[in-house]
Every structure is written in C-alpha cells, then in structure tokens.
Amino acid sequence: MKKEKLDQLLEKLSLEEKVGQLVQLGPMFFSEGGEITGPMQAMDMTKTELYQIGSVLGTHTKEEVKNIQSTYLEHSAHGIPLMFMADVIHGYETIFPIPLALASSFDPSIVKEMARLSAKEATSAGVHVTFSPMADLVRDPRWGRVLESNGEDPLLNATLIKAYVEGYQGDSLLDPETLAACVKHFIGYGEAEGGRDYNTVDISDLVLYQNHLPAFKAAIDAGVKLVMTSFNTIRGIPATGNRWLLQDVLRRDLNFDGVIISDWASVHELINHRVAADKRDATFKAANAGVEIDMMTDNYQHHLVDLVKEGLISEEFINQAVMHVLQLKNDLGLFEDPYRSLDKHPEKEIIEVELRAESRRIASQSMVLLENQQAILPLQKEDQLALIGPLAESHDLLGAWSWIGKTEQSVTISEGLLSKTKQIEMVKDRHDYVKLKYVDKVIVALGEHSEETGEGGSKTEITLPQEQIDLLKEVYKWNQNIIVVLINGRPLDLTEIKMYSRAILEAWFPGSEAGNAIADVLYGDVNPSGKLPMSFPRSVGQVPLTYNMMSTGRAINEYNHTQKYVSKYLDNENTALYPFGYGLTYSNVKLSEVEVIDKGDNVTVNYTLINPSMLDAQEVVQLYVKDIVTEVARPERELKYFEKVFISAGASKKCSVNLTSEDIAYYHPDLIKKADDGTIELYLGLDSQAPLIGSWHYKA
Ligand code: BGC
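The rules behind these values
Residues numbered from 1 in each chain as written. Predicted model: local features only at pLDDT ≥ 70, side-chain atom pairs only at ≥ 80, totals over all residues. Heavy atoms only, no water. UniProt positions renumbered as here; feature names shortened; annotations may be inferred. Helix = DSSP H or I, 4+ residues; strand = E, 2+ residues; numbered from the N terminus. Rg over C-alpha atoms; globule rule 2.2 N^0.38 Å. Contact = heavy atoms within 4.5 Å. Areas by Shrake-Rupley, 256 points an atom, 1.4 Å probe, with all protein chains shown as cover. Lys, Arg positive; Asp, Glu negative; His and termini not counted. Charge placed at Lys NZ, Arg CZ, Asp CG, Glu CD. Pairing = 2+ DSSP bridges. Axes fitted to C-alpha atoms, helices over the stretch in contact; angles between N-to-C directions. Polar contact = N/O pair within 3.5 Å; in protein donor to acceptor, adjacent residues only side chain to side chain. Buried < 20%, exposed > 50% of the residue type's maximum accessible area, 1.4 Å probe, protein only. Near = heavy atom within 4 Å. Nonpolar A, V, L, I, M, F, W, Y, C, P; charged D, E, K, R; others polar. Domains from an automatic or database assignment. Buried area = accessible area lost by both parts, 1.4 Å probe. Salt bridge = Lys/Arg side-chain N within 4 Å of Asp/Glu carboxyl O. Arc of directions from axis to C-beta. Patch = residues over 30% accessible without salt bridge, like charges linked within 9 Å, V, L, I, M, F, W, Y side chains within 5 Å.

The name given to the chain in an unreviewed UniProt entry is beta-glucosidase, with Fundicoccus ignavus as the source organism. According to its UniProt record, the chain has this under Sequence similarities (unreviewed entry): "Belongs to the glycosyl hydrolase 3 family." Regarding the chain, the UniProt comment filed under Catalytic activity (unreviewed entry) reads as follows: "Hydrolysis of terminal, non-reducing beta-D-glucosyl residues with release of beta-D-glucose."

Structure, rendered in structure tokens:
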C-alpha cells in the first residue's frame, strides 16, 4: 500500500479505533470466537473493542493464526489486519543453542543463519514479529536472563545484534520467510541489582552510553522495526514511563523511527513502581514518554481516549504511533495479504530437515572447550567409554524460551554418543560404578535444569548442586580420566569441577540436536572453536566480574599484591577462573609475525596464524586496547576487533586489522564521543589476557 493510502486510512479511523491499534493482547481473547468470557470479562472489554486491537502475542500454530485473523477481519470495520508477535528467541519448533551459546561462536554469520532459519519456521506458523534480539549487556551471572544475552562485551554484543536483525529481517519484509525484529529491553535491564530479576537499576549516564547503547544503536542502524522498553528504572524512572529515555535518547540520539512497545504489563507496573497513582496515570506516563503499544494490559484501551479528549495526550502523538503500527503492517505486506506467510513455505518436513542439520552445525560451533589436559580429547575410535551423570540421558537440553520446541524430540547426550560408538557403558547407579574402573575415559554430564535460567531464573549461588559435585568426586575415585560435559545457561563457578576433571566442555543448552553436536565435538569431527562471551568467576563473591573492569586508584600488580590497602579480596583472587574470550581448540593454533604499523591517525596490525595440527581449525583472534590517559576512568582493556579465522591443518594464514579514531573514541563527561590524542596500548591474542604487542601514538 502506498504512503498516501495509509494516510487516508489513518484519517478514516475514529480516536477509539486508533487507540485500538495500540493495544496488544494474547490469543486467548479470541479463543471462543470473541465471546465475552474469561479474559475479556476480566478486562471489562467489549466485542467492539476486541475487534479494534492492533496485534496479538503468542500464538502457537498456523491454524490458530488463520482462525483469529479471519474472525477478526469479518468483524473489524476497516479491514486492518492483525499483526502476530511472539518470542522466537533461539528457534521456533527446531531449537538452536541459547543466545549466550550463539555468542560463544564469536561468529556473526552463525547468528545470522540461526535468525534466518528461525524466521523461516516461525513465519510458516504465522508469526510476523519476533521479540528478539535481546541487546541487554550483562555482567552478572546470577541474573537468569544472562542466557538470552551476548554477554559482557559491548563490541561483541553490538556485532551480534546487527547479525540477528539482518538474519530475521532479510532484504525485505515482503519476503514471507522474514520476521520483523524487536530489539529489547530498552535499556539497562541487565544491570538489575544483585542479579535479581526486575530489580532496580542505577547506572551512570557514561555506563549507559558506553556499554548499553551500542548494541541498540547497531540494531537501529540495521533497520530494526521495533524497540521494547524494559521493566527497570533508569535515572530513577522506569523505562516505560521515561520521557527523556524514549524521546531524547531513543528517538533523537539513536534516530529510531519505528514502533516502541512496552514489555509485558510494564505500563501497568508503573503503579507498582509507585511513579503512577492508578491505571489512568500509568497510561498518561507511558504515552507521554512515547510508548506506542501497550502489551497485555487494558490501560491504554480504557484510558488513552479520555486522556486525548482532555488534551493531556496529544492526538498528534496518537497519529504518529498508529502510523508506525500501520507502516509496519504495510512493510510486512499484510494489507495485500493478511495471511502473508501462511501456505507459502515448503512442507514442514522439508523445513525441519534443513533446520535440524543447521541446528547441529551451529550448536557444535557454539561450545567452549575449557580444559583439555594431556589432550584427553578428542576421543579416539578405540576408546572404551562410560557415560554417567544427571544430564546423560536427559532431554532437558533446549533451555528457556523454547516454548514451541519439543523437549522430548531433542537428541540426548547418550543418543549422540551411541551414534558414534558402541564401546560405551551407561552407568546409572551405584551398582554400576565398578564399570568405571575398566574403561579408558568417563564422560560425566552435569549441569542446570532449564528452569534455573531465563526470566525469573535468578540465583544466589552459581555452583552446580552438591549432589553433582559429590558424584564427580565419586567417579574420580574410580577413574581419573574424566571429561565433564556441561549443560547450563549461565557462567558457573567451576572451581571444584576443574579439580576433578581433565577436560571440560561447556556445551550450554545446545538445542534440538544437542547430543549429536556434543558427540561431533568430543570425537573431533568438529574442532571446538567457541570462546567465552562472559568471564567465569572463581566465586559468586567476585560478581560482577568482567575483563573490562575500570582502572582504580589501587589496582593490584606483581609488586603490591601482598599489601593490605590495595583493591583485592582476602580470600580469593581478583581474576576470573576462565576469562572472557577464552576457549581451546584441538589444534594449539599460534600467533606469530605480529607487526604494529603506527600511522598516527590509524594503526595497522599484521599477524600470522599457524595451525600446527592435523585438523582444520578456527581461531578467534582478539585485539584489545588500553588508552593510557583519558578524561574519565576507562576499562583496563577493551575489545576492539575479533575475527574467527579458518586455518587448514598444517597451514598458516596472514591477516591484518586496522583501527581508526572511531575505535578508540569514548564518551566524555558531556556525553560527546570522541578520541583523544595519546598513547594506546595494543594487546593481541586468543583471549582477553592477550599480551602487549606494542603501542599506537594516536594523533588526529
Ligand atoms: C519478557 C519479554 C518478552 C515478553 C513477551 C516479558 O515478560 O520480559 O522479554 O518478550 O514477556 O513474552
């Protein structure tokens, strides 16, 4: 539909009909053909109001979408189709690894492919918009939603968020296999105090701009269609009612001109935050701030019209908000075809075959090998194995936000291993422990339950349960050739696990093809290449702990670490057990011929990667900078470049990176981003503890 036609349509709508477009409800409201029962009654909603709403959240099947859309269109006055939104986070029915695992690939092409395929499957079930990607930067593994994040680094986060948006949205939303993306949660949600979900957030503007904005900016620059506001406070005001945040930062500074949607009931929760007196006040605060769609409450439905009539909310705002919604429907081609993506896809079975194969490949690229003492891995064909542990035969491998995925259809670790070898004992109880003694290697499958991470999944302890640690110790008595495979959704304190294992494979929640992908990595059919997107602390007491902590007045070093009045713990080290960017391959790839060419306003670093092994490998080369003197305190080091490089067995490869002023620009106290002249130390390596390779004397 042409823009003029959209304008004409908008003009035809009554104020009530316009407000309807800004209301989003669940499919249960339509479950009895719009009869006034249950949810509608609870919201005191009329049939007319129901047939004016703009969008629906959380349908399950294409039949459901078809029914709701056709019933709605029969009753609605102007034939404006509904838009269907859902949380397609890491797959729809075929589940891919959790986002934190995808981030471990350090590979935007992996993320993009995952998003493209998820969109393909979700659109075949009628979804138009996904509430993904989550761009919240996270520094606290106690927070359950760490699983949905890209971890602790702004550059990695921004790079991958762009890839998500490109993958979901493709080249044009008129392509029925694409989804419109909604980046969330704007903003700072990952900084919930104490890692407790929905808790207060209180961060400085510098932290907000430097750490949190880049990923949202990347999404917006990539053309993301919607932004979801977060539950938390920023500068003391909940994001959903924060005019400065939504107008000055999001609309003006980030130049966003798409739809702003609230999070689930976050308009109403302004009352719980005690910044709004009642529903009418909450509606006023949210609309005045600029929230356009009210997700899952009746606040807008029942109060926005009056607020406009009383002149408290301008009709201009309503028109702009409705136009954003209509424009999105138009971008999706819904006016031409309200059933846009239904019945346009290949057969479900064909889609599934492609997605399963890619899910397996992507999962194997997302795992992080944390230990491999005496090269106990990869497993050899002739190895006699035992498999033990609570995750050995479990199907709980999908992780949170896989509500359409079928848990029972995931490939277990035992199934995956059995497809590669018959020389494996399944050790199920104490009577079987004696078998452990006679095998070459024991695989111990440990981890978290999927309910322990995700929304509402915060924890105060980040060790594995005592029974699992006891089991590991018991196995150790019988056989010390232990390979631990971890299924989990957050950085864990692995101090004890490390003491009793020779290899540790961090498999995260790998998704539908979990067991196959794990077996591929354990047997070396896939050379592991994942890197940690978050630091793994030695103890929960160190949290928050990131590689990019700020410089302090009393940092410890090799000379002062025994002194008392320095920044340290009495009972543990400052460093991570496994740092950001860390992960092993089977190839022991080396960096050599590193050369820094300082050209003043830019710098080039040349390097060669050598793969001395008999296996093809991928290594993630990482370049960190430390700006020696800055106007505000800055991180000890910051990632400025990473690249996953493929190197054939026995080969070497020359690579190069160039940094410019943009890479070292930072936010000054006036929130202006610019680079200062001065010395920048450069660190190049294969994790965040990369060694110093030289300096760049930057001069604009
Ligand atoms: C979550 C969002 C999600 C929304 C819709 C909320 O509880 O915070 O991330 O997109 O629900 O399901």
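Okay, back to it.
Draft legend 1. The overall build of the chain, seen in detail. A count of helical and extended segments in the chain gives 20 helices and 25 strands. Relative to the compact-globule value of 27 Å for 700 residues, the chain shows a C-alpha radius of gyration of 26 Å, a close match. Taking the principal axes of its C-alpha atoms as reference, the chain extends roughly 75 × 60 × 45 Å. Long-range pairs, those at least 24 residues apart, make up 76% of the contacts in the chain between residues at least 6 apart in sequence. Accessible surface, the chain as shown: approximately 26,600 Å² in total, 49% of it carbon and sulfur. Distance from the positive charge centre (67 side chains) to the negative charge centre (101 side chains) of the chain: 3 Å.

Draft legend 2. Up close: the sheet that holds strand β12 (residues 385-388). A sheet is described by the order of its strands in space; here six strands give the open sequence β11-β16-β15-β14-β12-β13, paired in mixed fashion. Here the strands that pair on one side only, and so sit at the sheet edges, are β11 (368-372) and β13 (424-426). Direction aside, neighbouring strands of the sheet carry axes that sit 20° apart on average. In the sheet, strand β14 (residues 441-447) pairs with strand β15 (residues 482-487) via six bridges, with the strands oriented parallel. Within β15, the position partnered with Val442 by the bridge is Ile482. Packed onto the sheet, helix α19 (residues 514-522) meets β14, β15 and β16 (503-506) and runs at close to 145° relative to β15.

Draft legend 3. Region of the structure containing the side chain of Thr233. As for its position among the elements, Thr233 is in strand β7 (residues 233-234). A polar contact of 3.1 Å, which involves the side chain of Thr233, links it to the backbone oxygen of Val201. Residue contacts for Thr233: discarding those within four places in its chain leaves Thr200, Val201, Pro238, Ala239 and His273.

Draft legend 4. Representation of the pairing of strand β17 (residues 590-598) within the structure. Sheet analysis places β17 next to strand β18 (residues 602-610), joined by seven bridges and oriented antiparallel. Looking across to β18, one finds that Asp598 is bridged to Val603. Linking β17 back to β18 in an antiparallel pair, the connection comprises three residues, with Gly600 at a positive phi of about 80°.

Draft legend 5. Structural detail: unusual backbone geometry. His185 follows Lys184 through a cis peptide bond whose omega is -10°. Topologically, His185 is positioned in strand β5 (residues 180-186). The amide bond that connects Val543 to the next residue, Pro544, takes the cis arrangement and shows omega of 0°. Along the chain, Pro544 falls in the loop between α19 and β17. The phi dihedral of Met296 falls on the positive side, at around 65°, and the residue is not glycine. With relative accessibility at 11%, the residue Met296 sits in the buried group.

Draft legend 6. Main features of the site of the ligand. The environment of the ligand is formed by Asp87, Phe131, Arg145, Lys184, His185, Met228, Phe231, Asp263, Trp264, Met295, Trp401 and Glu455. Between Arg145 and the ligand, the recorded distance is 2.7 Å, taken from a side-chain N or O atom to an oxygen atom. One nitrogen or oxygen atom from the side chain of His185 is found 2.7 Å from an oxygen atom belonging to the ligand. Taken by itself the ligand offers 310 Å² of open surface, and the protein chains cover 93% of this. Its residues assigned to classes, the shell around the ligand shows six nonpolar, one polar and five charged.

Draft legend 7. A look at the domain arrangement of the chain. Split into domains, the chain comes out as domain 1 (364-541) and domain 2 (587-698). Placing the centre of domain 1 and that of domain 2 at their C-alpha centroids yields a distance of 33 Å. Contacts between domain 1 and domain 2 engage five residues on the former and 10 residues on the latter. In total, about 590 Å² of surface goes out of reach between domain 1 and domain 2, with carbon and sulfur atoms giving 37% of it. Considering only the side of domain 1, the residues that lose the most area to domain 2 are Asn527, Ser529 and Lys531, jointly responsible for 76% of the buried surface there. Between the two partners, domain 1 and domain 2, sit one salt bridge.

Draft legend 8. Local environment of the environment of Ser109. In this structure, Ser109 sits in helix α7 (residues 108-124). When its relative accessible area of 47% is taken as the criterion, Ser109 is described as partly exposed. Sequence-wise, Ser109 and Ala163 are 54 residues apart; in three dimensions their C-alpha atoms are separated by 7.1 Å. One polar contact links Ser109 to Asp107, side chain to side chain, over a distance of 2.8 Å.

Draft legend 9. Molecular detail of helix α1 (residues 3-12). Along α1, the positions that sit buried rather than exposed are Leu6, Leu9 and Leu10. Considered in projection along α1, the buried side chains sweep an arc of 100° and stay on one side of the axis. Among the exposed residues of α1, those pointing more than 90 degrees away from its buried face are Glu11 and Lys12. Residues of α1 that are buried in the fold lie against α2 (15-21) and α14 (315-331).

Draft legend 10. Quick look at the sheet that holds β17. Sheet architecture is open: three strands sit in the order β17-β18-β21, paired in antiparallel fashion. Every interior strand has two partners, whereas the edge strands, β17 and β21 (652-660), have only one. Between one strand axis and the next, the sheet turns by 15° as a mean value, whatever way the strands run. By the bridge criterion, nine bridges tie β18 to β21 in an arrangement that is antiparallel. If you follow Tyr607 over to β21, its bridge partner there is Cys655.

Draft legend 11. Focus on the UniProt feature "domain: Fibronectin type III-like" (unreviewed entry) in the chain. Those places that UniProt annotates as "domain: Fibronectin type III-like" (unreviewed entry) correspond, in this numbering, to residues 619-688. End-to-end, the C-alpha atoms of residues 619-688 are 14 Å apart, and along that stretch the chain is 6% helix and 57% strand.

Draft legend 12. Layout of a nonpolar patch on the surface. Taken together, the side chains of Val434, Tyr438 and Trp478 present a nonpolar region at the surface, about 330 Å² in accessible area. With respect to the helices, strands and loops of the structure, Val434 is situated in the loop between β13 and β14. Look at Val434 and you get partly exposed, because its relative accessible area is 39%.

Draft legend 13. Seen up close, the pattern of salt bridges. In this structure the tally under the stated criterion is 48 salt bridges. Where Glu513 meets Arg356, a salt bridge forms, and the shortest distance between an N and an O atom there is 2.9 Å. With Glu513 in the loop between β16 and α19 and Arg356 in helix α15 (residues 348-366), the pair connects residues that are 157 residues apart, well separated along the chain. Residue Arg356 is classed as partly exposed on the basis of its relative accessible area, which comes to 22%. Among the salt bridges present, the one from Asp432 reaches Lys435, with a minimum N-O distance of 3.5 Å. Since its relative accessible area comes to 28%, Lys435 is described here as partly exposed. The network of salt bridges with shared partners includes Glu93, Lys348, Glu352 and Lys406.

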